[in-house]
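# Chain and residue survey
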Amino acid sequence: MSFRLLVAAAAARRVGPHAAASAPRRHSVLTTRRGFGFTTLRQGGQTLVEKIAQQHAVGLSKDELVRSGDFIGIRPRHIMTHDNTGAVIPKFTSIGATKLADPKQPVFALDHDIQNKGEKNIAKYHSIERFSKLHGNQFYPAGRGIAHQVLVEEGHAWPGTMVVGSDSHSNMYGGIGCLGTPVVRTDAAAIWATSQTWWQAPPVAKVELRGQLPAGVVGKDVIVALCGLFSNDEVLNHAVEFVGEGTRSLVVEDRLAIANMTTEWGALAGLFAVDEITMQWYEARARRTAEKSSNGLHPTVNIDTVAALRRSVESDPARWHPDEDAVYAKHIWLDLGSLTPHISGPDTVKTATPLADLEQKKIAIHKAYIVSCVNSRAKDLREAANVIRAIKQARSGHTVKAADGVSWYVAAASSQVQAEAQASGDWQVLVDAGAKTLPPGCGPCIGLGVGLLEDGEVGISATNRNYKGRMGSKKAHTYLASPAVVSASAIEGYICSPETAIARANAKSILPESAPRRVSFGFEHAAPTPKTDSNGGGATAVAAGSAIDGFPELLCGRVVFLPADNLNTDGIYPGKYTYQDDITRDQMKQIVMENYDPEFSKLVRNEDIVVAGANFGTGSSREQAATALLAAGVRLVICESASETFKRNAVNNGLLVLESPPLVKWLRDRYQKPDAASTIVTGLNARVELTAGKLSLASDAENNEYTGSIPRIGRAAQEIIVAGGLENWVRNRMLASA
């Protein structure tokens, strides 16, 4: 049973008013193994994730090793916020903070809504810049690029360090050997104020990449295939370490793409070890920055820092790799040599189809996109442009344009990427082929700006998410592919391979393989699950019936059942509203679940108890997915399983989230029919005894029809809920100690 309310205690301790002044003693709650349903044993060597977390942990004794399951205080190298900085600032000031604990730690990079020239957005951007100038932290304005790309380019995300971001794709930093993982806005405010927050080291899955990528197959195909082949939450809420000989066939750009989309796979981090490929990439980058810099020295990525990195990697290999006897929760493998280009969707990353199969259907497209932090680097733009060049050559130099009826949008991941693509000629090749250029930023990927999908349209995109409504209308369909496939499809007007597009230009046909390659993959092993106390144990466990003042021992409410699995944050709170900071709670109540079921807001009542399927709250790190449910009057969410990032948001904002697979199964058996509504008001009333750990459902006639158990809510978690969330908890204690 996994519910992270207990970690609020760790969070509160780490961000208390004295946290920066002295090293806190490690409370017993920090070693509880409650949560995640761990399959790792607390013995053997450390994984690479555990080793990097160890370097950033605070308050550990000299001989204490970080293990999966440990609640630890962390002091990350950097905390990244983007447009959501505007929402973090009032949190920071409301807790009584007046200055940044470490001005070098926060990095602001404006990237999401940069096409919006409205007065409110411009004012928000100006206020963020003023705050940064006042406090002296690093700031990158709109147009510099997508935050994740900028952090890699500028060396803020650095090999062997831990960097957190208030964005779910912070996993991307793992492509260069940096442990990147998402936190939420309240955590960001706590780090600004104290330099620390809490983290529970997740279980770690080893993903062994065997063989070598065939020609025409890229990193995007690897992660799209993994999301589809292992689509039953095998790595949900895990960190993933990529190992094996196959990693040597992956350039850094492919590694960044793979690490980026481990988010969609359900993981909290995706990490590659630093190797010779990493070092050569940094050495080349250091040379380029030296050539372009007036004084020859970039503050972070320069000849000296990269040389020091190489010396460390070569002189202390144990620091840079997992121990030989490291203990993993599971071991997954994929033979890269058996892989072909794959397409994700439509409308879910859990469906992945070989391109050779899908293109036989000649699925017509209306829009094509090469944008976002996963696939808009110089290599990606070059591969897309090379498809155009090959088609043009096959047409004896005749003009190549996007097919009639296809709108094609391209945005570089950063201003540096765009400059490189322009210098190489790749940018102009795409423009000449009809691509409409957008500024370096998130844009259509988050459903903002021009070029969004409209009702009934089909899009193919080199982005990382294809949830319904993500890139525009929820009545549209989205497929994900590599930039080369997007380029070919834009020219032909339907989803197809570059080889097909080039052959058609030559008036040739491509015969399908007589025996299509089958992807080879599997499980090597999964470690045994140790027995744990379902009550969590430790200092936060309380006797049944014990509650602090103000905490409700009993919750009663109607049961509203949402039978869908993978109900993502875009479904709960649409991305188009995420950066409108002036939306009121009443407005939130009206738009909650808009992309999942517009009827939800009309059906839900105050004090309802929502029961949902597996992987609830997957997707982005937006905290409004939790606060919108609170605004709608929901007091408790019970689900089969939930995204750890969503639960982190829930904890920090005072929303109760519990997991009960037996309850969800019982409701499915009773209510989930082929024609069932998306939101089912069951007619049942729940009685939830929070401190006793009991749950019962009764009909309107008060006949008990279901009884079961839930995790008890411990004292430390009760304090956070009573305070109304972590922000209030910290503020109250800062005031009390003043």
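The notes below deal with the structure included here. (Residues numbered from 1 in each chain as written. Predicted model: local features only at pLDDT ≥ 70, side-chain atom pairs only at ≥ 80, totals over all residues. Heavy atoms only, no water.)

Scanning the model with the defined rule gives 35 salt bridges in all. We note a salt bridge from glutamate 383 to lysine 379, for which the minimum N-O separation is 2.6 Å. With glutamate 383 and lysine 379 both in helix α13 (residues 378-394) and 4 residues apart, this pair spans about one turn of that helix. The salt bridge involving glutamate 492 is made with arginine 504; its shortest N-O contact spans 2.4 Å. Pair noted here: glutamate 492 is in helix α16 (residues 483-492) and arginine 504 is in helix α17 (residues 498-505), with a separation of 12 residues, a long-range link. Beyond isolated ion pairs, a larger network of salt bridges with shared partners links Glu276, Glu283, Arg310 and Glu314. (Salt bridge = Lys/Arg side-chain N within 4 Å of Asp/Glu carboxyl O. Helix = DSSP H or I, 4+ residues; strand = E, 2+ residues; numbered from the N terminus.)

Another aspect to go through is the pairing of strand β16 (residues 407-410). Every other side chain in a regular strand lies on the same face of the sheet, so the side chains alternate between the two faces. Residues Ser407 and Tyr409 line one face of β16 and the alternating positions Trp408 and Val410 line the opposite face, and both faces are buried. Direction of pairing for strand β15 (residues 367-370) relative to β16: parallel, over a ladder of 4 bridges. The partner of lysine 367 across the bridge, within β16, is serine 407. Taken together, β15, α13 and β16 form a β-α-β motif whose crossover is right-handed. Taken together, the 2 bridges between β16 and strand β17 (residues 436-437) define a ladder with parallel strand orientation. By the bridge assignment, valine 410 is partnered in β17 with threonine 437. (Buried < 20%, exposed > 50% of the residue type's maximum accessible area, 1.4 Å probe, protein only. Pairing = 2+ DSSP bridges. Right-handed = clockwise from strand over helix to strand, strands pointing away.)

On to the side chain of aspartate 254, then. Mapped onto the elements, aspartate 254 comes out in helix α8 (residues 252-265). With relative accessibility at 8%, the residue aspartate 254 sits in the buried group. Here glycine 219 takes part through its backbone nitrogen, which lies 3.0 Å from a polar atom of the side chain of aspartate 254. Once you skip the residues sitting within four places of it in the chain, aspartate 254 turns out to touch Val218, Gly219 and Lys379. (Polar contact = N/O pair within 3.5 Å; in protein donor to acceptor, adjacent residues only side chain to side chain. Contact = heavy atoms within 4.5 Å.)

Right, let's get into the environment of serine 414. Structurally, serine 414 can be placed in the loop between β16 and α14 (415-424). By relative accessible area, serine 414 is classed as buried at 0%. When the C-alpha positions of serine 414 and alanine 378 are compared, they lie 9.5 Å apart, and in sequence the two are 36 residues distant. With near-sequence residues (within four places) excluded, serine 414 lies in contact with Arg144, Gly145, Gln149, Glu153 and Pro440.

Core analysis: the biggest nonpolar cluster contains 46 residues, and Leu381, Trp408, Leu430, Ile460 and Ile495 have the highest contact counts within it. Leaving out residues up to four positions away in the same chain, isoleucine 460 has contacts with Ile365, Lys367, Ala368, Tyr369, Tyr479, Ala481, Val485, Val486, Ser489 and Ile495. Within the second largest apolar cluster, 39 residues are counted, among which are Phe92, Phe108, Phe131 and Ala269. (Core = buried A, V, L, I, M, F, W, Y, C linked by side-chain atoms within 4.5 Å.)

Following the sequence through the fold, histidine 169 ends up in the loop between β6 (162-165) and β7 (179-182). The buried category is assigned to histidine 169, whose relative accessible area is 4%. A distance of 3.3 Å separates the side chain of histidine 169 from the side chain of asparagine 464, its partner in a polar contact. When neighbours within four sequence positions are excluded, histidine 169 is seen to be in contact with His148, Asn260, Thr263, Glu264, Cys373, Asn464 and Arg465.

The next subject is the sheet that holds strand β25 (residues 680-689). With mixed pairing, the 7 strands of this open sheet are ordered in space as β24-β23-β22-β21-β25-β26-β27. For this open sheet the edge positions go to β24 (656-659) and β27 (704-709), each flanked by a neighbour on one side alone. Each strand axis lies, on average, 25 degrees off the axis of its neighbour in the sheet, ignoring direction. Across 5 bridges, β25 lies against strand β26 (residues 694-698) in antiparallel orientation. When the sheet's bridge partners are listed, arginine 687 is paired in β26 with serine 696. Sitting on the sheet, helix α23 (residues 661-671) is in contact with β21 (554-562), β22 (609-612), β23 (636-639), β24, β25, β26 and β27, with an inclination near 155 degrees to β25. (Axes fitted to C-alpha atoms, helices over the stretch in contact; angles between N-to-C directions.)

Let us now look at the sheet that holds strand β8 (residues 197-200). The 3 strands lie next to each other as β1-β2-β8, forming an open sheet whose pairing is antiparallel. On the outer flanks of this sheet lie β1 (57-58) and β8, each paired with one strand and no other. Of the pairings in the sheet, the one linking strand β2 (residues 71-74) to β8 comprises 4 bridges and is antiparallel in character. Among the inter-strand pairings, phenylalanine 71 is bridged to a residue of β8, identified as glutamine 200.

With that out of the way, let us pick up the packing of α13 against α17. Taken N-terminus to C-terminus, the directions of α13 and α17 make an angle of 20 degrees; their axes are 8 Å apart at the nearest point. In this view, α13 runs roughly parallel relative to α17, as classed from their interaxial angle. Note that α13 runs across α17; the crossing there is right-handed. For the pair α13 and α17, the contacting residues are Val387, Ala390, Ile391 and Ala394 in the first and Pro498, Ala501, Ile502 and Ala505 in the second. In terms of residue class, the contact of α13 with α17 is built from 8 nonpolar, no polar and no charged. (Parallel < 35°, antiparallel > 145°, perpendicular 65-115°, else oblique. Left-handed = near helix turned anticlockwise from the far one by under 90°. Nonpolar A, V, L, I, M, F, W, Y, C, P; charged D, E, K, R; others polar.)

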